[in-house]
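Given next are the chains, with one letter for each unit.
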Amino acid sequence: MIIYGVAFLGFCTLVGIFIGELLGKLIGVPANVGGVGIAMLLLIGLGSYLNKNGWFKGKTEQGVEFWSAVYIPIVVAMAAQQNVYGALKGGPMAILAGTAAVVIAFALVPVLVRIGNKEPSAINPAKTVG
Amino acid sequence: MYESMMKVITGYGLISGFLIVGVTMWVSYWISNTFTKGRLHGSAIAILLGLLLSYVGGALTGGQKGVVDIPLLSGIGLLGGAMLRDFAIVATAFGVSVDELKRAGFVGVLALFVGVGTSFIAGVAVAMAFGYTDAVSLTTIGAGAVTYIVGPVTGAAIGASSEVMALSIAAGLIKAILVMVMTPFVAPLIGLNNPRSAVIFGGLMGTSSGVAGGLAATDPKLVPYGCLTAAFYTALGCLLGPSLLYLIIRGIVG
């Protein structure tokens, strides 16, 4: 049933964001620490487990796929409610500060990709990142 | 008649949101196909249109939520709000390649630290160029260049003036908007076309809405990889901003 997929997605999202909140409290940061990321990892991990055991099939998958497919329209709706006017009214310093940060980050993408390629990632098995 | 229409549209906000965004998508793909022969993604055009409309919304109403402040379009607020956005981002993780994630794991974490650090330095440098000299203002504006959440969180923690906090939020918003707008154009130049570079991109940029929008406009397949690392960025910024970064700046400017 499709609703099983949606419910499963809801479960992962809620648990992930809840863990993110707890981590924030634990570290003392007034922000959600990686909630969405943790939820994604949960979905990947639990999803493949359920898949292997035959719990996740056909219709159930569609419940997750639908939300994945409406992602772009949701992002468009998100773009339409950014405070673009307020941002531009912030003046030249705000514009320049934001722009500088973005330009540097763009320029660093190929640099870090190269570092990552050199790194022999296979010889690093002791890392256990939840 | 007008009243009844408004009642339906606002009462069924989420549904109106589906309709409005659906029409926007259709128009965007039409523009993409007829004017750019599909070279500029329809989704990129849709996001640009959204940002443009939100500017118009802000200019018309003086509100802070773009289009949502126009009553007729308030349903978009539900559709594009944090709840459904996060729900859909998590859904994109379905079908992610675990091996790709593992391969990019270490550089992803490195990208997070480099991203927060360089954005902060960029912000501080610009603030200095504009004549700010006190550690609190410099740190707050630098934190704003990290994300528009890190800015005010840091500012509140170290006691920045509300004027400086507003500036830091504006800097963060500019960053988010620029990432959405520029990513599809810059992507071919920086090799942003595979999961590993998307993980790094997410860690370097960090602004969740910017990364979510920018990758959607570039290649939807890359979205989960970028968003996964970006999810940790704001928290890392909030952690480092009022502590380590502030202490460093205070050490430098005294």
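- As annotated in an unreviewed UniProt entry, chain B carries the name Malonate transporter subunit MadM and is attributed to Pseudomonas reinekei.

- The name an unreviewed UniProt entry gives chain A is Malonate transporter subunit MadL, with Pseudomonas fluorescens as the organism.

1. Looking at the overall build of chain A
- Looking only at helices and strands, one finds six helices and zero strands in chain A.
- Along its sequence from the N terminus, chain A presents helices and strands in the succession α-α-α-α-α-α.
- By the burial criterion, 44% of the 130 residues in chain A qualify as buried.
- Put simply, of all contacts in chain A between residues at least 6 apart along the chain, 55% involve residues at least 24 apart.
- For chain A, the computed accessible surface area is about 6,800 Å², with 70% contributed by carbon and sulfur atoms.

2. A word on the overall build of chain B
- A tally of regular secondary structure across chain B gives 13 helices and zero strands.
- In chain B, the succession of α and β elements from N to C terminus is α-α-α-α-α-α-α-α-α-α-α-α-α.
- Since a compact globule built from 254 residues should have a radius of gyration of about 18 Å, the 20 Å found for chain B is in line with a globular shape.
- Dimensions of chain B, computed from C-alpha atoms along their principal axes, come out at roughly 65 × 45 × 30 Å.
- Taking all 254 residues of chain B together, the buried fraction comes to 56%.
- For chain B, the proportion of contacts with a sequence separation of at least 24, taken over those separated by at least 6, is 68%.
- As presented, chain B carries roughly 10,600 Å² of accessible surface, and 70% of it is formed by carbon and sulfur atoms.
- Measuring between centres, the 11 positive side-chain charges of chain B sit 9 Å from its 8 negative side-chain charges.

3. What about the UniProt feature "domain: Malonate/sodium symporter MadM subunit N-terminal" (unreviewed entry) in chain B?
- With numbering aligned to this structure, UniProt lists the feature "domain: Malonate/sodium symporter MadM subunit N-terminal" (unreviewed entry) at residues 5-252 of chain B.
- Span residues 5-252 of chain B is 80% helix and 0% strand, its end C-alpha atoms 60 Å apart.

4. So, the domain arrangement of chain B
Residue and element names in this part refer to chain B.
- According to the domain assignment, chain B contains domain 1 (1-80) and domain 2 (91-253).
- With seven residues of domain 1 at the interface, the matching set in domain 2 holds nine residues.
- Each partner contributes to the roughly 610 Å² buried at the junction of domain 1 and domain 2, and carbon and sulfur atoms together form 83% of this total.
- Residue classes in the side of domain 1 that touches domain 2 are distributed as five nonpolar, two polar and no charged.

5. Digging into the domain arrangement of chain A
- Partitioning chain A into structural domains gives domain 1 (1-81) and domain 2 (83-114).
- One C-alpha centre belongs to domain 1 of chain A, the other to domain 2 of chain A, and the line joining them spans 29 Å.

6. Some remarks on the pattern of salt bridges
All names here are of chain B.
- Throughout the structure, instances matching the rule amount to one salt bridge over all chains.
- For Asp-86, the salt bridge is made with Arg-85, and the minimal N-O distance between the two is 3.2 Å. One exposure class covers both Asp-86 and Arg-85, and it is buried.

7. Section: the interface of chain A and chain B
- Contacts between chain A and chain B engage 70 residues on the former and 89 residues on the latter.
- Summing both sides of the interface, chain A and chain B together bury roughly 7,000 Å²; the carbon and sulfur share of this comes to 84%.
- If you sort the residues of chain A by the area they bury against chain B, Tyr71(A), Met93(A) and Phe106(A) come out on top, with a joint share of 11%.
- Our count for the contact surface shared by chain A and chain B stands at zero salt bridges.
- Here chain A and chain B share six residue pairs in polar contact (both at pLDDT 80 or more) between them.

8. What to know about the nonpolar core
- Within the largest apolar cluster, 82 residues are counted, with the highest numbers of intra-cluster contacts made by Tyr71(A), Ile47(B) and Phe201(B).
- Per-element tally for this core: the top contributor is helix H9 (residues 162-190) of chain B, with nine residues.
- Excluding residues that lie within four positions of it along the chain, Ile47(B) makes contacts with Val75(A), Val76(A), Ala79(A), Met180(B), Gly213(B), Ala216(B) and Ala217(B).

9. Observations concerning the UniProt feature "transmembrane region" (unreviewed entry) in chain B
- According to UniProt, the feature "transmembrane region" (unreviewed entry) maps to residues 12-31, 43-60, 72-94, 106-131, 138-158, 164-186, 198-218 and 230-249 of chain B in the numbering used here.
- Segment residues 12-31 of chain B splits into 95% helix and 0% strand. End C-alpha atoms: 29 Å apart.

10. Things to note about the UniProt feature "transmembrane region" (unreviewed entry) in chain A
- Those places that UniProt annotates as "transmembrane region" (unreviewed entry) correspond, in this numbering, to residues 7-27, 33-51, 63-81 and 93-113 of chain A.
- Each end of residues 93-113 of chain A is marked by a C-alpha atom, and these two atoms are 31 Å apart; helix forms 100% of the span and strand 0%.

11. Re the packing of helix H4 (residues 71-79) of chain A against helix H11 (residues 208-218) of chain B
- Where H4(A) meets H11(B), the closest approach of the two axes is 10 Å, and the angle between their N-to-C directions is 130 degrees. Between H4(A) and H11(B), the angle falls in the class oblique. Seen from above, H4(A) lies across H11(B) with left-handed handedness. For the pair H4(A) and H11(B), the contacting residues are Tyr71(A), Ile72(A), Val75(A) and Met78(A) in the first and Ser209(B), Ala212(B), Gly213(B) and Ala216(B) in the second.
- Along the lines of polarity and charge, the residues of the contact of H4(A) with H11(B) split into six nonpolar, two polar and no charged.

12. Some points on the environment of Phe106(A)
- Along the chain, the position of Phe106(A) falls in helix H6 (residues 91-118).
- Apart from the residues within four sequence positions on either side, Phe106(A) is in contact with Met182(B), Thr183(B), Val186(B), Ile190(B), Phe201(B) and Met205(B).

13. Brief notes about the packing of helix H6 (residues 98-129) of chain B against helix H10 (residues 195-205) of chain B
Residues and elements named next belong to chain B.
- Relative to each other, H6 and H10 sit at 25 degrees, their axes nearing to 6 Å. Of the possible angle classes, the one that applies to H6 and H10 is roughly parallel. Note on packing geometry: the crossing formed by H6 with H10 is right-handed. For the pair H6 and H10, contact is made by Glu-100, Leu-101, Arg-103, Ala-104, Val-107, Gly-108, Ala-111, Leu-112, Val-114, Gly-115 and Ser-119 and by Pro-195, Arg-196, Val-199, Ile-200, Gly-203 and Leu-204, respectively.
- A class-by-class count of the residues in the contact of H6 with H10 yields 10 nonpolar, four polar and three charged.

14. Let's talk about the side chain of Ser168(B)
Residue and element names in this part refer to chain B.
- Along the chain, the position of Ser-168 falls in helix H9.
- Take Ser-168: its relative accessible area is 0%, and that puts it in the buried class.
- Contact partners of Ser-168, with chain neighbours within four places excluded, come to Thr-140, Ile-141, Gly-144, Gly-151 and Pro-152.

Thresholds, definitions, all that
- Residues numbered from 1 in each chain as written.
- Chains lettered and ligands numbered in written order.
- Predicted model: local features only at pLDDT ≥ 70, side-chain atom pairs only at ≥ 80, totals over all residues.
- Heavy atoms only, no water.
- Helix = DSSP H or I, 4+ residues; strand = E, 2+ residues; numbered from the N terminus.
- Buried < 20%, exposed > 50% of the residue type's maximum accessible area, 1.4 Å probe, protein only.
- Contact = heavy atoms within 4.5 Å.
- Areas by Shrake-Rupley, 256 points an atom, 1.4 Å probe, with all protein chains shown as cover.
- Rg over C-alpha atoms; globule rule 2.2 N^0.38 Å.
- Lys, Arg positive; Asp, Glu negative; His and termini not counted.
- Charge placed at Lys NZ, Arg CZ, Asp CG, Glu CD.
- UniProt positions renumbered as here; feature names shortened; annotations may be inferred.
- Domains from an automatic or database assignment.
- Buried area = accessible area lost by both parts, 1.4 Å probe.
- Nonpolar A, V, L, I, M, F, W, Y, C, P; charged D, E, K, R; others polar.
- Salt bridge = Lys/Arg side-chain N within 4 Å of Asp/Glu carboxyl O.
- Polar contact = N/O pair within 3.5 Å; in protein donor to acceptor, adjacent residues only side chain to side chain.
- Core = buried A, V, L, I, M, F, W, Y, C linked by side-chain atoms within 4.5 Å.
- Axes fitted to C-alpha atoms, helices over the stretch in contact; angles between N-to-C directions.
- Parallel < 35°, antiparallel > 145°, perpendicular 65-115°, else oblique.
- Left-handed = near helix turned anticlockwise from the far one by under 90°.

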